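Single-letter residue listing:
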Amino acid sequence: MTLPGAGARFHDYEAAITACIERRALREGRQVHARMIKARYRPAVFLGTRLVTMYVQCGALEDARNVLDRMPERSVVSWTTMISGYSQTERHVEALELFIKMLRDGSIPNEYTLSTVLTSCSGPQSIHQGKQVHSLLVKTNFESHMFVGSSLLDMYAKSENIQEARRVFDMLPERDVVSCTAIISAYAHQGLDEKALDLFRQLYSEGMQCNHVTFTTLVTALSGLASLDYGKQVHALILRKELPFFVALQNSLIDMYSKCGKLLYSRRVFDNMPERSVVSWNAMLMGYGRHGLGNEVVRLFKDLHKEVKPDSVTLLAVLSGCSHGGLVDEGLDMFDIIVKEQSALLHTGHYGCVIDLLGRSGRLEKALNLIENMPFESTPSIWGSLLGACRVHANVHVGELVAQKLMEMEPENAGNYVILSNIYAAAGMWKDVFKVRKLMLEKAVIKEPGQSWIILDKVIHTFHSSERFHPSKKDIDAKIKEIFVDIKAAGFVPDLSCVLHDVDDEQKERMLLGHSEKLAITFGLMNTPPGLTIRVMKNLRICVDCHNFAKFVSKVYGREISLRDKNRFHLLTHGNCTCGDYW
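Residues numbered from 1 in each chain as written. Predicted model: local features only at pLDDT ≥ 70, side-chain atom pairs only at ≥ 80, totals over all residues. Heavy atoms only, no water.

1. Some points on helix H12 (residues 193-205)
Right, so step 1: The end-to-end C-alpha distance of H12 is 18 Å, a good match for the 18 Å that 13 residues give at a rise of 1.5 Å each.
Right, so step 2: Looking at the packing, one finds that the buried side of H12 touches helix H10 (162-171), helix H11 (177-189), helix H13 (212-225) and helix H14 (228-241).
Right, so step 3: Downstream of H12 by a residue or two, Gly207 has a phi angle that is positive, lying close to 100 degrees. (Helix = DSSP H or I, 4+ residues; strand = E, 2+ residues; numbered from the N terminus. Expected span 1.5 Å × (residues − 1). Contact = heavy atoms within 4.5 Å.)

2. Focus on the pattern of salt bridges
Right, so step 1: Counted by the stated rule, this structure contains 25 salt bridges.
Right, so step 2: Arg201 is paired through a salt bridge with Asp198; the nearest N and O atoms lie 3.8 Å apart. Of the two residues, Arg201 and Asp198 both sit in helix H12, three residues apart, roughly one turn of that helix.
Right, so step 3: Classification of Arg201 by relative accessible area gives partly exposed; the value is 41%.
Right, so step 4: Judged by relative accessible area, Asp198 falls into the partly exposed class, the value being 37%.
Right, so step 5: Residue Lys473 pairs with Asp477 through a salt bridge whose shortest N-O separation is 2.6 Å. (Salt bridge = Lys/Arg side-chain N within 4 Å of Asp/Glu carboxyl O. Buried < 20%, exposed > 50% of the residue type's maximum accessible area, 1.4 Å probe, protein only.)

3. Let's talk about the sheet that holds strand E5 (residues 569-573)
Paired through their backbone hydrogen bonds, the strands of a sheet run either parallel or antiparallel.
Right, so step 1: Sheet architecture is open: six strands sit in the order E2-E1-E3-E4-E5-E6, paired in mixed fashion. Each edge of the open sheet is held by one strand with a lone partner, namely strand E2 (459-464) and strand E6 (576-577).
Right, so step 2: The sheet contact formed by strand E4 (residues 561-564) and E5 spans four bridges and is antiparallel. Its bridge partner being in E5, Arg564 is matched across the sheet by Phe569. (Pairing = 2+ DSSP bridges.)

4. Focus: unusual backbone geometry
Right, so step 1: A positive phi angle, close to 60 degrees, is found at Glu90, a residue other than glycine.
Right, so step 2: Along the polypeptide, Glu90 turns up in the loop between helix H5 (76-88) and helix H6 (92-104).

5. Comments concerning the packing of aromatic side chains
By convention here, two paired aromatic rings are described through the distance between centres and the angle between planes.
Right, so step 1: One pass over the structure, following the stated rule, counts 13 aromatic pairs.
Right, so step 2: On the basis of an interplanar angle of 55 degrees and a centroid distance of 5.5 Å, the ring pair of Phe463 and Phe523 is categorised as tilted. Taken together, the positions of Phe463 in strand E2 and Phe523 in helix H29 (residues 516-527) put the pair 60 residues apart, joining distant regions of the chain. For the residue pair Phe463 and Phe523, the accessibility class agrees, reading buried in each case.
Right, so step 3: In this structure an aromatic cluster arises from ring pairing among Phe484, Phe492, Phe549 and Phe552.
Right, so step 4: Positioned over the ring face of Tyr265 is Lys262, at 5.6 Å from the centre of the ring. (Phe/Tyr/Trp six-rings, centres within 6.5 Å; stacked < 30°, edge-to-face > 60°. Lys NZ or Arg CZ within 6 Å of the ring centre and 35° of its normal.)

6. Things to note about helix H9 (residues 146-158)
Structurally, the α-helix is built with 3.6 residues per turn, so residues lying three or four positions apart point the same way.
Right, so step 1: With 13 residues, H9 extends 18 Å from end C-alpha to end C-alpha; this agrees with the ideal 18 Å at 1.5 Å per step.
Right, so step 2: Its buried side turned inward, H9 meets helix H7 (111-119), helix H8 (127-139), H10 and H11.
Right, so step 3: Following H9 by one or two positions, Glu160 has its phi on the positive side, about 60 degrees.

7. Notes on the domain arrangement of the protein
Right, so step 1: Domain annotation for the protein reports domain 1 (175-275), domain 2 (285-346), domain 3 (353-447) and domain 4 (451-577).
Right, so step 2: Here domain 3 and domain 4 have C-alpha centroids that lie 27 Å from each other. (Domains from an automatic or database assignment.)

8. Quick notes on the side chain of Thr113
Right, so step 1: With respect to the helices and strands, Thr113 occurs in helix H7.
Right, so step 2: Judged by relative accessible area, which is 0%, Thr113 ranks as buried.
Right, so step 3: One polar contact links Thr113 to Asn110, side chain to side chain, over a distance of 2.8 Å.
Right, so step 4: Contact partners of Thr113, with chain neighbours within four places excluded, come to Val76, Thr80, Ile83, Phe99 and Met102. (Polar contact = N/O pair within 3.5 Å; in protein donor to acceptor, adjacent residues only side chain to side chain.)

9. Side note on the UniProt feature "repeat: PPR" (unreviewed entry) in the protein
Right, so step 1: Per the UniProt record, "repeat: PPR" (unreviewed entry) is found at residues 75-109, 176-210 and 277-307.
Right, so step 2: Strand forms 0% of residues 176-210 and helix 74%; the C-alpha atoms that close the span are 9 Å apart.
Right, so step 3: Taken end to end, residues 277-307 is 77% helix and 0% strand, and its two terminal C-alpha atoms sit 9 Å from one another. (UniProt positions renumbered as here; feature names shortened; annotations may be inferred.)

10. Quick notes on the environment of Gly415
Right, so step 1: Looking at the secondary structure, you find Gly415 in helix H25 (residues 414-426).
Right, so step 2: A relative accessible area of 32% means that Gly415 is categorised as partly exposed.

Here it is as structure tokens:
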């Protein structure tokens, strides 16, 4: 590239700066700028703005700001370019401060300025500034501008203000693929997966155009719902659209199918990808781990090294897979190797997996020792994992120590009180159970209610424990009693330790029959034809009695049951579960 000579003028400098922008040539750009200064050439607003653009494009924001501050006159493009530079590099405070300076300088922002500055107002911490920018939009009649409106919608969505995001969306005079995708993504991000799906169906019927980002967002929502039927339909729609190959979309399909209990489909998508990122491998590893297939996790991890370099998530997926698969020794050996060779990738999550691994295998003292000596500050989730293990192994001593620690860290978390209560109840320590319940009342701690759901004919049926409001309640109650008689005759024995009340055995059995997953399984048995898998989802960890109930139902009625709880998948057939009774 030829630099401007001594007698250079506007067009020479403009051509040289443009070439530097196109090539991201910072060193040559600085040389052009230095020649302008040496020649005492005072650039016009346009050329000054081009210099700002050049420095921003090359990542030299301090140089860009120096040029902007020394410009005797600035255009809206000058200000917007600099604000955009700050925003794109997540220097949001500086972006907002410069925007305020622009307004005080008397410059009037355009739609690009406003859209750019709104990206620096995303997140719960910046919602106050975002609302101030919103008020400016109203005053300047930019609120309903499609370009600015989409950014405003995105700002509220990322600030977790879904109601305001929806209000902005509804008032847009025109909606493009960006705004439609943003609002669907907002619902999915907040866990409102059913609403995300309903909105997609509505917008698609109205002629909404979709791109790979729209479909990736939708598939993510379907992962949360674990809706296999809708997932297959969306996958078919993607194929009919003949979209170009996008790794992110294929990754979301792998994750969706694994969360719907169809690992075979996940692997088919994975194997047919012309190129795979480390995220692709991680999604497949997580899928195997979620289903308790620890040996498949280890096998796939060995293949991964031939194609990509593992990252922190990869190691987390492997350790988690070993934990869910009951591969205690393999998981501990893997962790030792990681500590020696890849310790820089480790964080609390990896230690949490190992502590969970030790806890599941009953090595509670060793798990406690690891928490106390790990190089990171322990988190409530790590302590919570150990407390859960204390419940499984009925260890009152360690359980009390861990519960006390958790109550200090998060006194409002009802789950910790409930698990401690479970530990006392299993040991028959009813006085201590009542003390914990009294403490919960005093602190006004409310337990998250258990709920399970099943999707039939595109309708989501949700059940809570001791369900009273479902329209088929009487029929379900009659059927579950019939099932109870049948499976008892086949050898089923209720696990009364799952009832945390000091009542007689007959009443305990009645209480167990009211668990939400039993109601959902019963409803599925009543309303699906033989040969079709009964797919149930639950928001909490499945209890031992419900797990045994599902095993016997699969054996006595010859039905396959797929049950996804908070932690993992259980696929039950012929009286056996893929988890090997280890979860």
